[in-house]
Amino acid sequence: MSLSGKTSTRPYRGVFPVAPTIFDDNGKLDLEGQKRAIDFMIDAGSDGICILANFSEQFLLTDSERESVMTTVLNHVAGRVPVIVTTSHFSTEICAERCRRAEAAGAAMVMIMPPFFGATLRVSEAGIYEFFRRVSDAITIPIMIQDAPMAGTFLSASFLARMAKEIANVSYFKIEVPGTAAKLRELISLGGDAIEGPWDGEEAITLMADLDAGATGAMTGGAYPDGIRKIIDPYMAGNREEALVAYERWLPLINYENRQCGLSAAKALMKEGGVIRSEAVRHPLQPLHPETRKGLIEVARRLDPIVLRWGR
């Protein structure tokens, strides 16, 4: 039974999970499997979907594969829900061109990390500002800045708020650093109406605290948007107690994904439920240990998520 997404116009709110990129057992793109994964995610209640993110193994795709996944997903979604396309790149011009192509293909938004490379190559605050200004000038759709530890780049709430106020399309922020709730509060306070979308990330492991801080969206793993909706929907309707009970119920699965499985969790659950044929991750990533996978499925079955019965 489809829950159907509820947010099709700005401001975008709710549950926008990251779609895994689906491969066959030989590591080749499985575009039919990709379509099934997207259909499941929509049926399970995703308000929107993000593609080509880190949890999509974007760093393991060629440019032509990125294009293939993007066009396949956007054509298949066909406007049913908004789609966010991750376009991160160290090069300002390459990132801007990725954004232009995403907008032309029908993306509702782009998500971008600050430019970084490896463990040590970083860009100054002035360079980051100019990077986002130039990218913004290339498109008309909103930009979500992903503030995550992977970039190794400190982005103060005051700097993020300044970019929101001064750069036309910078208006959404996925905050997933230690102390997310405190940073969200400060960002909202400093940025005011320029902060169109203060969002939670990191598989929603701190979702309740982040909702209390003012988060209006959550970008989670792709396997159980129905579970995250059980938290966010009552919270947004003013029933915090119901949301808290749901959070306590789903937190063991959220924790298992975040701390034990990472990006493999969504694929394992989708494979277990018959959504996709293969849960392969692309080498050099390694498959889940059988005992870890067993634990994931055991925790999930206690919750009866749609993913475990969608394809059966």
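Residues numbered from 1 in each chain as written. Predicted model: local features only at pLDDT ≥ 70, side-chain atom pairs only at ≥ 80, totals over all residues. Heavy atoms only, no water.

Some details on the sheet that holds strand β9 (residues 197-200)
The 8 strands are arranged β1-β10-β9-β8-β7-β4-β3-β2 in an open sheet whose pairing can be described as parallel. This sheet does not close on itself; its edge strands, each paired only once, are β1 (14-15) and β2 (49-51). The pairing of strand β7 (residues 143-147) with strand β8 (residues 170-175) spans 5 bridges and is classified as parallel. The residue bridging glutamine 146 from the neighbouring strand is lysine 174, located in β8. (Pairing = 2+ DSSP bridges. Helix = DSSP H or I, 4+ residues; strand = E, 2+ residues; numbered from the N terminus.)

Observations concerning the nonpolar core
Generally speaking, a soluble globular protein has its nonpolar side chains buried in company with each other. Residues Phe132 and Ile231 are the most contacted members of the largest nonpolar core, which totals 92 residues. The biggest single contributor to this core is helix α9 (residues 240-261), with 8 residues. Among all residues touching isoleucine 231, those that are not within four sequence positions of it are Leu207, Met208, Leu211, Ala243, Ala246, Tyr247, Trp250 and Ile254. Ile84, Met109, Met111 and Met144 belong to the second largest nonpolar core, which has 13 residues in total. (Core = buried A, V, L, I, M, F, W, Y, C linked by side-chain atoms within 4.5 Å. Buried < 20%, exposed > 50% of the residue type's maximum accessible area, 1.4 Å probe, protein only. Contact = heavy atoms within 4.5 Å.)

Observations regarding the environment of aspartate 24
Along the chain, aspartate 24 falls in the loop between β1 and α1 (31-43). Along the primary structure aspartate 24 and asparagine 54 are separated by 30 residues, whereas in three dimensions their C-alpha atoms are 19 Å apart. Ignoring sequence-local partners within four residues, the contact set of aspartate 24 consists of Asp30, Ser278 and Ala280.

Re the state of the cysteines
Following the criterion strictly, the structure yields 0 disulfides and no others. Unpaired in this structure, cysteine 50 has its nearest cysteine sulfur neighbour in cysteine 99, at a distance of 12 Å. (Disulfide = S-S within 2.5 Å.)

Points about the confidence of the model for the protein
Of the residues in the protein, 97% have a pLDDT of 70 or more, and the chain-wide mean is 96. Across residues 1-6, where pLDDT falls below 50, the model places 23 contacts with residues more than four positions away in sequence or in other chains. (pLDDT = per-residue confidence, 0-100.)

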